[in-house]
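As a plain string of letters, each chain reads:
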Amino acid sequence: MRVDGKPTRTIWPAANGGGVMIIDQTRLPHEFVISELVTLDNFASAIKDMKVRGAPLIGVTAAYGLAIALRDDPGDSGLAAASAKLLATRPTAVNLAWALDVMRAALAPLPPAARPEAAFAKAGELADLDVAICDAIGVNGLALISEIAERKSRVNILTHCNAGWLATVDWGTATAPIYKAQDAGIDLHVYVDETRPRNQGASLTAWELSQQGISHQVIVDNAGGHIMQHGGVDLVIVGTDRTTATGDVCNKIGTYLKALAAKDNDVPFYVAAPSSSIDFAIADGVRDIPIEERNAREVTHMRGRTDDGRLETVRIVPEGSRATNPAFDVTPARLVTGLITERGIIAPRKDALATAFPERLQLVD
Ligand code: MRU
């Protein structure tokens, strides 16, 4: 998508063949900073510290990180150690394991000397595949928006967190239908949940929608139910970090509450789900998906720009009060209207997912 009008991806190989360039998302929306990752440690900490984040982008970043690591140690032990280090960075988004599995399957049969170059090429393929998948999700999701636009002059969409192009290589998942609708000339308005504590909605989604010129308003996480009750939302579209074989959806903390509010108000609740984020090995999201617990400081403190231009971090919780910070929650399949995938809009059910992705199917009770 565009940054100051210039088409930009979130990750790309450095022109000099050295490292890999990323947009440092911890600096947005106040500063647009591009950083180069050159060592395995750089990649692992960029994912852990959320310089890159969002399930699809985490996967592609890990693929490039593996390629960089193999330059130093292309043998079997190097491949295993680098994969393990990258896999340990964040536990919830299954795209990380998916990308590393794809990389290892392609590289393990090769002689070590051939691996670094092949790994870089494969990581590039995964980046391009992610763009193609998000593009297809956009086309499939556009049908939902177009249908609403036939009976309403303006379509109001609510989204949570950032499942935008910053969370992928390009287009985004939840935002891809929005960008396609904009291209189709549909009048849109997007309610952006701020998404405490990391504020990916307020900081990232609002920034990228501004860059693309899409009408939007940031709302506090608690406002969505109220706006739905008053008929303000036609459609909810969120992303996913891991969707089970049965259609349970794990996404940024607070998604579940939005799904409950949507159900109570008959608002369609769609999840934009690339197949790289579907975990066909598990059937019960609440029981089986590991939920990342992040540092309590993300809850007790907030960072922002002061009116006189300084970036400051302030404490908002009394000294001595403790905090807990689960980063994701699970929305049961019964609350999900449909999954917008690259192969069409699919019911959140085991049989429907199995029919759509037969090559990924594993037997799950
Ligand atoms: O903690 P984050 O910022 O990596 O979480 C991101 C989300 O929860 C997104 O909604 C999800 O990864 C889907 S991104 C297309």
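Residues numbered from 1 in each chain as written. Predicted model: local features only at pLDDT ≥ 70, side-chain atom pairs only at ≥ 80, totals over all residues. Heavy atoms only, no water.

A. A look at the environment of alanine 82. As for its placement among the helices and strands, alanine 82 is situated in helix H3 (residues 76-87). Accessibility expressed as a relative area gives 3% for alanine 82, which makes it buried. Here the alpha-carbon distance between alanine 82 and glycine 164, two residues 82 residues apart in the chain, equals 28 Å. Those residues in contact with alanine 82 that sit more than four places away from it in its chain are Leu40, Leu66 and Ala69. (Helix = DSSP H or I, 4+ residues; strand = E, 2+ residues; numbered from the N terminus. Buried < 20%, exposed > 50% of the residue type's maximum accessible area, 1.4 Å probe, protein only. Contact = heavy atoms within 4.5 Å.)

B. Structural context of the sheet that holds strand S3 (residues 11-13). Read across the sheet, three strands follow the order S3-S4-S5 without closing on themselves; strand pairing throughout is antiparallel. Bordering the open sheet on either side are S3 and strand S5 (34-37), each of which pairs with just one other strand. Averaged over all pairs of adjacent strands, the angle between their axes in this sheet comes to 25°, without regard to strand direction. With four bridges connecting them, strand S4 (residues 20-23) and S5 associate as antiparallel partners. Note that in S5 the partner of isoleucine 23 across the bridge is isoleucine 34. Across the sheet, helix H1 (residues 40-48) is in contact with S4 and S5; its angle to S5 comes to roughly 135°. (Pairing = 2+ DSSP bridges. Axes fitted to C-alpha atoms, helices over the stretch in contact; angles between N-to-C directions.)

C. Here's a closer look at the pairing of strand S15 (residues 311-315). Strand direction decides the pairing type here: strand S14 (residues 301-305) and S15, joined by five bridges, are antiparallel. Note on S15: the bridge partner recorded for methionine 302 is valine 314. Counting the residues in the hairpin turn of S14 and S15 gives five residues, including glycine 309, whose phi is positive at 95°.

D. Molecular detail of the packing of helix H5 (residues 115-149) against helix H6 (residues 176-183). In the contact formed by H5 and H6, the axes pass within 7 Å of each other and the chain directions differ by 65°. One element, H5, and the other, H6, form an angle in the roughly perpendicular class. For the element pair H5 and H6, the recorded crossing hand is right-handed. Here H5 contributes Cys134, Asp135, Ile137, Gly138, Val139, Gly141, Leu142 and Ile145 to the contact with H6, which in turn contributes Ala176, Pro177, Ile178, Lys180 and Ala181. Taken together, the residues of the contact of H5 with H6 sort by class into nine nonpolar, two polar and two charged. (Parallel < 35°, antiparallel > 145°, perpendicular 65-115°, else oblique. Left-handed = near helix turned anticlockwise from the far one by under 90°. Nonpolar A, V, L, I, M, F, W, Y, C, P; charged D, E, K, R; others polar.)

E. Local environment of the domain arrangement of the chain. Here the chain is described as being made up of domain 1 (2-129) and domain 2 (137-364). In this structure, domain 1 and domain 2 have C-alpha centres spaced 24 Å apart. Each partner contributes to the interface: domain 1 provides 32 residues, whereas domain 2 provides 37 residues. Counting across the domain 1 and domain 2 interface gives one salt bridge. Taken together, domain 1 and domain 2 are joined by 16 residue pairs in polar contact (both at pLDDT 80 or more). If you list the elements that add at least two residues to the side of domain 1 that touches domain 2, you get strand S1 (2-3), helix H2 (55-72) and helix H4 (95-107). Per element, the largest residue contribution to the side of domain 1 that touches domain 2 is four residues, and it comes from H2. A per-class count over the side of domain 1 that touches domain 2 returns 16 nonpolar, eight polar and eight charged. (Domains from an automatic or database assignment. Salt bridge = Lys/Arg side-chain N within 4 Å of Asp/Glu carboxyl O. Polar contact = N/O pair within 3.5 Å; in protein donor to acceptor, adjacent residues only side chain to side chain.)

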